[in-house]
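Survey of secondary and tertiary structure
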Amino acid sequence: MNTDQQQLRDYLLGRLPEDLATELDTRLFTSDELNRELQNEQDSLIEDFVYSRLTSVDDAAFQAQCARSPMLQEKVRSFRIFLSALERQSDSESSPLILHYRQFLSLLSPALALLLCLASFLYTRELRRNAILNSQLLASSRAHGSNASSDEERRSTVIAFLSANVPRGPSSAPEIRVPVTSRLLELQVELQPSPSEETDWDVEVLHNTEVIWKSAHVPLHRIGPEAFLSLLIDTESIRTGSYVIRYSPHSDQGAAQFRSFHLVK
Amino acid sequence: MTKGQSIPEVDAKVSRQRRITRESFASLLAGLGDTPLEGSHYEQLRAKLIFFFSRRLLAFPEDLADEVLDRLAYRISQHTEIASAEAFALGIARHVAQEQSGRKDQAQNVDPSFFDNVSAPTVTPSKEEEIVRMEQCLKKLPSSEARLLRGYYCATGNNQIKARKSLAEKLGLSPIALRQRVFLARQRLRKCMTTAQDKNRK
């Protein structure tokens, strides 16, 4: 500590000889510079007090000053608060990796949550749509088929719905399991986009290159917004293996579409 | 009046309450060259007066400073010819200090328990709230100043001396200039805290 600083500290603690103190009083009221220096020195004094760096004499003098001045008490309290805040801040900044990770997560979490919500919504909607379609199909087949077949016949029919919403490559064709007791396989081939015209369709079911089922007048069925072709195939005419359905509107045979499936008996 | 105040100090407060008016306060600010919204010269003069009374080891230097300011305001509002408001304030302060020394003996005869039933005002925010507010103010500082404060205060013991020395070297400053920079950063922080407290009160 240089002499000036020591003199300022003595002034603050009230132990500067009166003649020197009076001189400083006069300087204080004629210059703002000394006021700043005193405030600066008071900050150091408070810091030394808080860190217990004062000598016992200085410590006692400072405590007596505090007892007389609520403002000085407040300054000491405020310095302690300042140190606590500074400590917390440096704690959070001491591990920048964690901070960056937290920032990254805070940005990523809402995006992930949104994505999860969207996926759940689409999945639920698709499940619900399929459930409604199946129940409608069942109701429809019961209503229309009652005159032609008995309950036993209905039980021996296998219905397979080939959805157009599930994109599949040739290696991941859907598998249809047909029990040995089944006599009829009803293949429902969903069309998408739903055709606007009520035309018949040419349909062939191919096993390798062999046509095992063919019809030039397959009608279009509609249930709600869904449109599909229904192929009734005798299970005795087919065996385990991969099949391709080729279908095109009767009026425009050039626009053929294909759908494959794997059958297991 | 707060617990532990002496009779002369209470007298001083009463006399202040009797004398200060909105008009005289406005005259004081104008005399010091302040605008009513700013008041920085007023605050500076008050700080000087507090140092003046503190070094004389007088109790409640803040109240005595206010007493001087009230008397000064009164004089200015009465159109007393004053060449320098600060020099005039020093004269009043010397006078008030003398009054206090003269009344010390009388005050010592008062039973201190006389004031025991008067509770001190305790409308202060919790420590946690203040730390949070201080953290917010630290974040508002320019990053270079926040770094400076952390570098200056966050080392302890002997490490602190070394850390401050190396900080000064790194910034190309003398130790005194470094202290000055830290002081200015803390002044900015104090201003921010005062503004935040004022907002909170509203």
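Below, the structure is looked at part by part. Since this is a predicted model, take the numbers as computed values, not measurements.

**Describing the overall build of chain A**
- Helix and strand content of chain A: 7 helices and 9 strands.
- In chain A, the proportion of contacts linking residues at least 24 apart, taken out of those at least 6 apart, comes to 67%.

**As for the overall build of chain B**
- When helices and strands are counted, chain B shows 9 helices and 0 strands.
- Taken from the N to the C terminus, the helices and strands of chain B come in the order α-α-α-α-α-α-α-α-α.
- Residue burial in chain B is summarised as follows: out of 202 residues, 25% are buried.
- For chain B, the proportion of contacts with a sequence separation of at least 24, taken over those separated by at least 6, is 64%.

**Structural notes on the interface of chain A and chain B**
- Each partner contributes to the interface: chain A provides 28 residues, whereas chain B provides 31 residues.
- Of all the elements in the fold, those that place two or more residues in the side of chain A that touches chain B are helix H1 (3-12), helix H2 (18-30), helix H3 (32-50), helix H4 (56-68) and helix H5 (70-94) of chain A.
- Per-element accounting of the side of chain A that touches chain B gives the leading share, 11 residues, to H5 of chain A.

**Brief notes about the nonpolar core**
- Core analysis: the biggest nonpolar cluster contains 35 residues, and Leu49, Val68, Leu72 and Ala89 of chain B have the highest contact counts within it.
- When contributions to this core are tallied by element, the ones reaching two or more residues are H1, H2, H3 and H4 of chain A together with helix H2 (22-32), helix H3 (40-55), helix H4 (61-77) and helix H5 (85-108) of chain B.
- Sorting elements by how many residues they give to this core places H4 of chain B first, with 8 residues.
- Excluding residues that lie within four positions of it along the chain, leucine 72 of chain B makes contacts with Leu28, Ala85, Phe88, Ala89 and Ile92 of chain B.

**Concerning the packing of H2 of chain A against H3 of chain B**
- Running from N to C, H2 of chain A and H3 of chain B cross one another at 170 degrees; their axes reach a closest spacing of 10 Å. Judged by the inter-axis angle, H2 of chain A sits roughly antiparallel to H3 of chain B. Contacts between H2 of chain A and H3 of chain B pair Ala21, Asp25, Leu28 and Phe29 of chain A from the former with Lys48, Phe51, Phe52 and Arg55 of chain B from the latter.

**Brief notes about unusual backbone geometry**
- Geometrically, the link from glutamine 192 of chain A to proline 193 of chain A is a cis peptide bond, its omega value of 0 degrees lying close to zero.
- The topology assignment puts proline 193 of chain A in the loop between strand E3 (184-190) and strand E4 (201-207).
- In the Ramachandran plot, histidine 79 of chain B falls in the positive-phi region, its phi being about 60 degrees despite a non-glycine side chain.
- Position of histidine 79 of chain B relative to the elements: it lies in the loop between H4 and H5.

**Thoughts on the pairing of E4 of chain A**
All names here are of chain A.
- As defined by bridge partners, E4 adjoins strand E5 (residues 210-218) across 6 bridges and the pair is classed as antiparallel. Within E5, the position partnered with histidine 207 by the bridge is glutamate 210.
- Sheet topology note: the E4/strand E8 (residues 241-249) ladder contains 6 bridges and is antiparallel. For aspartate 202, the partnering residue across the bridge sits in E8 and is serine 248.

**Digging into the sheet that holds strand E1 (residues 157-162) of chain A**
Residue and element names in this part refer to chain A.
- Strand order in this open sheet of 4 strands is E1-E3-E7-E6, and the pairing throughout is mixed. Either end of the sheet is taken by a strand with one partner, and the two such strands are E1 and strand E6 (220-223). Pairwise comparison of adjacent strand axes, ignoring direction, gives a mean angle of 30 degrees for this sheet.
- Sheet topology places E3 next to strand E7 (residues 226-234); 7 bridges connect them, and they run antiparallel. Following the sheet pairing, valine 189 is matched in E7 by leucine 229.

**Looking at H2 of chain A**
Residue and element names in this part refer to chain A.
- Helix length check: H2 (13 residues) gives 18 Å between terminal C-alpha atoms against 18 Å at 1.5 Å per residue, within 8%.
- Every buried residue belonging to H2 is among Leu24, Asp25, Leu28 and Phe29, and all of these are buried. Looking straight down H2, one finds its buried side chains confined to an arc of 130 degrees; they lie on one side. Set apart from the buried face of H2 by more than 90 degrees, the exposed residues are Asp19, Leu20, Glu23 and Thr26.

**Some points on the packing of H3 of chain A against H3 of chain B**
- Closest axis-to-axis distance for the H3 of chain A/H3 of chain B pair is 10 Å, and the angle between their directions is 65 degrees. Considering how the two elements wind past one another, H3 of chain A and H3 of chain B form a crossing that is left-handed. Contact residues: Asp32, Asn35, Leu38 and Gln39 of chain A in H3 of chain A; Gln44, Ala47, Lys48 and Phe51 of chain B in H3 of chain B.

Analysis parameters
- Residues numbered from 1 in each chain as written.
- Chains lettered and ligands numbered in written order.
- Predicted model: local features only at pLDDT ≥ 70, side-chain atom pairs only at ≥ 80, totals over all residues.
- Helix = DSSP H or I, 4+ residues; strand = E, 2+ residues; numbered from the N terminus.
- Contact = placed C-beta atoms within 7 Å.
- Buried ≥ 20, exposed ≤ 12 C-beta atoms within 10 Å, placed from the backbone.
- Core = buried A, V, L, I, M, F, W, Y, C linked by C-beta atoms within 7 Å.
- Axes fitted to C-alpha atoms, helices over the stretch in contact; angles between N-to-C directions.
- Parallel < 35°, antiparallel > 145°, perpendicular 65-115°, else oblique.
- Pairing = 2+ DSSP bridges.
- Expected span 1.5 Å × (residues − 1).
- Arc of directions from axis to C-beta.
- Left-handed = near helix turned anticlockwise from the far one by under 90°.

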